[in-house]
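Structural overview for review
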Amino acid sequence: MLKSFQIRNFRLFRHIEVGRLSRVNLVVGENNAGKSTFLEAVELYASNASPTVLLDLLELRQETWFSEAQPHLKNFLGNSIRHLFFGHRLPQIGEEGITIGEISSSTKLHIGVAAYQNKYDDEGTTKRIRISDELDENLSNIEIFLILEENEKTRRLFSLDRDIRDIRRTSRVFFDRKDSEFKYTLQVVSTDNMLNRKVAALWDLTSLTNLESEVISALALIDDRVSGVAFVEDVNNGRGRDNRIPLVKMEGIEEPLPLKSMGDGMTRLFHIIVALVNARNGILLIDEFENGLHWSIQPKVWDIIFRLSERLNVQVFATTHSRDCVEGFDSAWNNYPSLGAFLRLEAKENVKVTEYTSETLTDAIEMNVEVR
């Protein structure tokens, strides 16, 4: 579990430090203060800078777009990966890039740029040799790479001389997500929830285990008639893994009902709890926790998250804009005083982080102080 976190030169963060993280962490702040960016940094660290995650972060924000009206961006400096760096600018070779990890840890991840040259030995075998930080213009066979450095290890992530879309298209097998290389088991629930095939796969891992009842009881917070969930193939939309839909069994109703027919709150809650029970010994990220959830059930949902995260050894990071969500979190945190952390990001010239204790958060809410 991450006890603290430091971020340098990642998106709008020049440098921030969070001195204390806990089991369940809620991040708040105004628009463009960096809440989702904070979750992205945790995701990048937990995935060990997976190339797939790097590309996903860009595509989710539509940062892989390109226009022929931008001829000055056709070299490696115009690669879309630049949007992940502070100021939307790739660092120079040898210049400090992104740093993420625990504050006092020696295992921080450093993501930067390096130049390699193809050289040939006496047997004609090609070797890539990392060359000096200052390039000689006469050097040939130079290729610029995005690299990951951790301790004394260096890993080439991918060449920056190629367009991101080309990397994704031609290297799909190579860049398939390899969870075994991640630092932590990782589940992510975005503002728009998870893809249907992802939820179906997670439910397959949950169904018929002792955690299935936890999911069903959570759904009962919205409708206590829920007694079961199953995924079935929708043959009207063809066959394949993308066409499995969740059905809910309701007491007193003979026909199972599509989960989505039960409303956005039921769908949101199902995604959150299924992701949570499948993040055992890892990390769960929830962006805009409150989406679709009525204020009245949020304290109970937070209580489930505190309880299950401790039982399953999951560290949770969530964001919110909602005061109701903050109050629900505070209520649950008071029941588990050693398990929570509350962070407020404030966008000034540089992003500022304010860390709250349970007592200061409760006092702020009672005094009607704005903490979001």
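Residues numbered from 1 in each chain as written. Predicted model: local features only at pLDDT ≥ 70, side-chain atom pairs only at ≥ 80, totals over all residues. Heavy atoms only, no water.

**Concerning the pattern of salt bridges**
- Following the criterion strictly, the structure yields eleven salt bridges and no others.
- Across the pair Arg11 and Glu40 runs a salt bridge whose closest N-O atoms are separated by 2.7 Å. Residue Arg11 is found in the loop between strand 1 (5-10) and strand 2 (13-18), and its partner Glu40 is found in helix 1 (residues 35-46); the two are separated by 29 residues along the sequence. Each member of the pair Arg11 and Glu40 is classed as buried.
- For the salt bridge of Arg11 with Glu63, the shortest nitrogen-to-oxygen distance reads 2.9 Å. Placement of Arg11 in the loop between strand 1 and strand 2 and of Glu63 in the loop between helix 2 (51-60) and strand 4 (98-101) is noted, with a sequence separation of 52 residues between them. For the pair Arg11 and Glu63, one class covers both residues: buried.
- A cluster of three or more residues bridged by salt bridges with shared partners is formed by Arg11, Glu40, Arg61 and Glu63. (Salt bridge = Lys/Arg side-chain N within 4 Å of Asp/Glu carboxyl O. Helix = DSSP H or I, 4+ residues; strand = E, 2+ residues; numbered from the N terminus. Buried < 20%, exposed > 50% of the residue type's maximum accessible area, 1.4 Å probe, protein only.)

**Some points on the packing of aromatic side chains**
- Under the counting rule described, the total for this entry stands at 13 aromatic pairs.
- Look at Phe289 and Trp302: their rings are 4.0 Å apart centre to centre, the planes differ by 10 degrees, and that puts the pair in the stacked class. Of this pair, Phe289 sits in the loop between strand 13 (282-286) and helix 7 (298-312) while Trp302 is found in helix 7, placing the two residues 13 residues apart along the sequence.
- Given a relative accessible area of 0%, Phe289 falls into the buried group.
- A relative accessible area of 0% places Trp302 in the buried class.
- With 5.2 Å between their ring centres and 90 degrees between their planes, Phe342 and Tyr356 make a pair best called edge-to-face. (Phe/Tyr/Trp six-rings, centres within 6.5 Å; stacked < 30°, edge-to-face > 60°.)

Any link to function would need more than the numbers given here.
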